[in-house]
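Chain residues, written in single-letter form:
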Amino acid sequence: MTLMMISVMFMLLLAGFPMMMPLLAATILAFLLYFPSLSLDQIIQQMIGGVKPSALVAVPMFILAADIITRGHSADRLVDLVMRFMGHIRGGLAISTTSACALFGAVCGSTQATVVAVGGALRPRMLKAGYRDDFTIGLIVNAADLAYLIPPSIGMIVYGVLSGTSISELFIAGIGPGLLIVLMFSAWCWFVAYRQNIPVEPRANWGERFVAVRRAVWPLGFPVVIIGGIYGGIFTPTEAAAVCVLYAVVLELIVFRSIGVKDLWDIVLSTGIMTSVIFILIATGAAFSWIISFAQVPQAILSAVGLDSASPLKVLIIINIAFFLGCMFVDSIVVMLILVPIFAPVIAASGLDPVLVGVLVTLQIAIGAATPPFGCNLFTAIAVFRRPFIEVVRGVPPFLIMLLFVAGLLMAFPWIALGLRDLAFY
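Values in this document were obtained by computation on a predicted structure and should not be read as measured data. (Residues numbered from 1 in each chain as written. Predicted model: local features only at pLDDT ≥ 70, side-chain atom pairs only at ≥ 80, totals over all residues. Heavy atoms only, no water.)

Caption draft 1: Summary view of the packing of helix H4 (residues 58-71) against helix H15 (residues 261-294). Two elements in contact, H4 and H15, have axes separated by 9 Å at closest approach and are oriented at 140 degrees. Considering the angle they form, H4 stands oblique to H15. Crossing handedness for the pair H4 and H15: right-handed. Packed against H4, whose contacting residues are Val59, Pro60, Ile63, Leu64, Asp67, Ile68 and Arg71, the element H15 presents Leu264, Asp266, Ile267, Val268, Ser270, Thr271, Met274, Thr275, Ile278 and Phe279 at the interface. (Axes fitted to C-alpha atoms, helices over the stretch in contact; angles between N-to-C directions. Helix = DSSP H or I, 4+ residues; strand = E, 2+ residues; numbered from the N terminus. Parallel < 35°, antiparallel > 145°, perpendicular 65-115°, else oblique. Left-handed = near helix turned anticlockwise from the far one by under 90°. Contact = heavy atoms within 4.5 Å.)

Listed below in structure tokens is the structure:
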């Protein structure tokens, strides 16, 4: 059965079908061939159940908020704030790009929106300062990964729904690894700027910094509202997403007046199209997960590789490798839909903290977003910066090594992710 499902999915992918079709075709074929006594209505029930959790309402909300602020003035104001405080140090422009990606990621939760907003503003300035284009693009597409780790994170929401893990705990556990990545990327930016003798930017005076802070106060309210509201007990992560949309509309439509009502309709339509794709994937993935669980495929796979009796560290290593390889070739949501049900039994049996596993999985899907051959950030950069694929991926390896090193540190020192979680919830 497993071989048949894999073969069907592989053939349909080669034929050019979108990922939802191979998932659904393999599920229905396995159902008809191996469980003919069951009703096909059960597949429909599983698909509906897959998109039923209320926490998934946060996904289109955060996508909508990201679209609104990407088309508005928030990104420019955040970038200007970072530049005023960091632009004058060695490698300051590159470090500012990393920090701006972290800030914007904390505002929108979307890696692709971060590539567009921050990359569009800072790539021309980095090239003019003397940075190589491969380094510049490599930095942007990888620093954008911070949007997956620093809340709000769409990846964490989907993982939390699939695994039953607390989304609030996942959010706060992603902050530590996100800040560690910022520090590592910043150190590498300083080294590159020093080695290439990149000139520093003029130092901003405190008057200019005050103006930048004043202009960025409204955009900085996003993480304050989201994180403060969730951990202050004011609203849930799902409610926080709705508040985030309201805040974005008020900010860009009324305060900044950067978009009009007509623009808002176009943004909503774009969000609806993207959301429909995600939810169709989740629905088909739910049916796929149910059929393989019903057939006890996860138990067979784990037993075959000896993972059902492995140590917690070995389980973590295998999970990281599986998600890293999967996200190199397939959309991250699809990888989660397939692999999370497979690993769920062994995660529970090994006694691993599900929040730690969730952060590691989120880190791997973030890495996959910027990893050849099919990382979504890479193709976003190709479209936005109009550069060929080989030039976009040339600057990726140093950052990829650092991200994988962070994954190793999380396995060796879980408190990097769990320290803030334990402080907030225990």
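Caption draft 2: Focus on the packing of aromatic side chains. Here the structure, examined in full by the defined rule, presents 10 aromatic pairs. Considering the side-chain rings of Phe222 and Tyr247, the 4.7 Å spacing of their centres and the 70 degrees angle between planes classify their relative orientation as edge-to-face. With Phe222 in helix H13 (residues 206-231) and Tyr247 in helix H14 (residues 237-255), the pair connects residues that are 25 residues apart, well separated along the chain. Of the two residues, Phe222 and Tyr247, neither departs from the other in class, the shared state being buried. Here the aromatic cluster, defined as three or more aromatic residues joined through ring pairs, consists of Tyr131, Phe135, Phe185 and Phe399. Between the NZ or CZ atom of Arg209 and the centre of the ring of Trp206, over which it lies, the distance is 4.6 Å. (Phe/Tyr/Trp six-rings, centres within 6.5 Å; stacked < 30°, edge-to-face > 60°. Buried < 20%, exposed > 50% of the residue type's maximum accessible area, 1.4 Å probe, protein only. Lys NZ or Arg CZ within 6 Å of the ring centre and 35° of its normal.)

Caption draft 3: Representation of the nonpolar core in the model. Residues Val59, Phe104, Tyr131, Phe135, Leu139, Phe323 and Leu363 are the most contacted members of the largest nonpolar core, which totals 149 residues. Apart from the residues within four sequence positions on either side, Phe135 is in contact with Ala94, Met126, Trp188, Cys189, Val192 and Phe399. (Core = buried A, V, L, I, M, F, W, Y, C linked by side-chain atoms within 4.5 Å.)

Caption draft 4: Up close: the packing of H13 against H14. For the pair H13 and H14, the least separation of the axes is 10 Å and the interaxial angle reads 165 degrees. Taken as axis vectors, H13 and H14 run roughly antiparallel relative to one another. Both H13 and H14 take part in a crossing whose hand is right-handed. Only Pro237, Ala240, Val243, Cys244, Tyr247, Ala248, Leu251 and Val255 of H14 make contact with H13, whose side of the interface consists of Trp218, Pro219, Gly221, Phe222, Val225, Ile226 and Ile230.

Caption draft 5: Looking closely at the environment of Thr165. Relative to the helices and strands, Thr165 resides in the loop between helix H10 (154-163) and helix H11 (167-173). Remark: the alpha-carbon pair of Thr165 and Val355, spanning 190 residues in sequence, is separated by 6.7 Å. Setting aside residues up to four positions removed in sequence, Thr165 forms contacts with Tyr159, Gly160, Leu170, Pro354 and Val355. A distance of 2.7 Å separates polar atoms of two side chains, one belonging to Thr165 and the other to Ser163. (Polar contact = N/O pair within 3.5 Å; in protein donor to acceptor, adjacent residues only side chain to side chain.)

Caption draft 6: Geometry of unusual backbone geometry. One non-glycine residue, Asn197, lies in positive phi territory at about 55 degrees. Position of Asn197 among the secondary structure elements: in the loop between helix H12 (175-195) and H13. Despite not being glycine, Arg257 shows a phi value in the positive range, around 55 degrees. Within the element layout of this structure, Arg257 appears in the loop between H14 and H15.

Caption draft 7: Inspection of the layout of surface pockets at higher detail. Approximately 220 Å³ is the volume attributed to the second largest pocket. What lines the second largest pocket is simply Met86, Ser99, Ala102, Leu103, Ala106, Ile150, Ile175, Leu179, Val182, Leu220, Pro223 and Ile227. Elements with a contribution of two residues or more to the lining of the second largest pocket: helix H6 (92-108), H12 and H13. The leading source of residues in the lining of the second largest pocket is H6, at 4 residues. (1 Å grid on protein atoms, 1.4 Å probe; cavity = no way out; pocket = protein on both sides within 12 Å on 5 of 7 lines; lining within 4 Å. Points joined across faces, edges and corners; volume = space filled by probe spheres on them.)

Caption draft 8: View of empty space enclosed by the protein. Applying the stated criterion to the full structure yields 2 cavities of 30 Å³ or more. What lines the largest cavity is simply Gly87, Ile89, Gly91, Gly92, Leu93, Ala129, Tyr131, Ile198, Pro199, Val200 and Glu201. For the lining of the largest cavity, the per-class residue count stands at 7 nonpolar, 3 polar and 1 charged. Considering the residues around the second largest cavity, the lining is formed by Gly50, Leu56, Val158, Val161, Leu162 and Ile282. By residue number, the principal contributor to the lining of the second largest cavity is H10, which donates 3 residues. Here the residues of the lining of the second largest cavity are counted per class, giving 5 nonpolar, 1 polar and no charged. (Nonpolar A, V, L, I, M, F, W, Y, C, P; charged D, E, K, R; others polar.)

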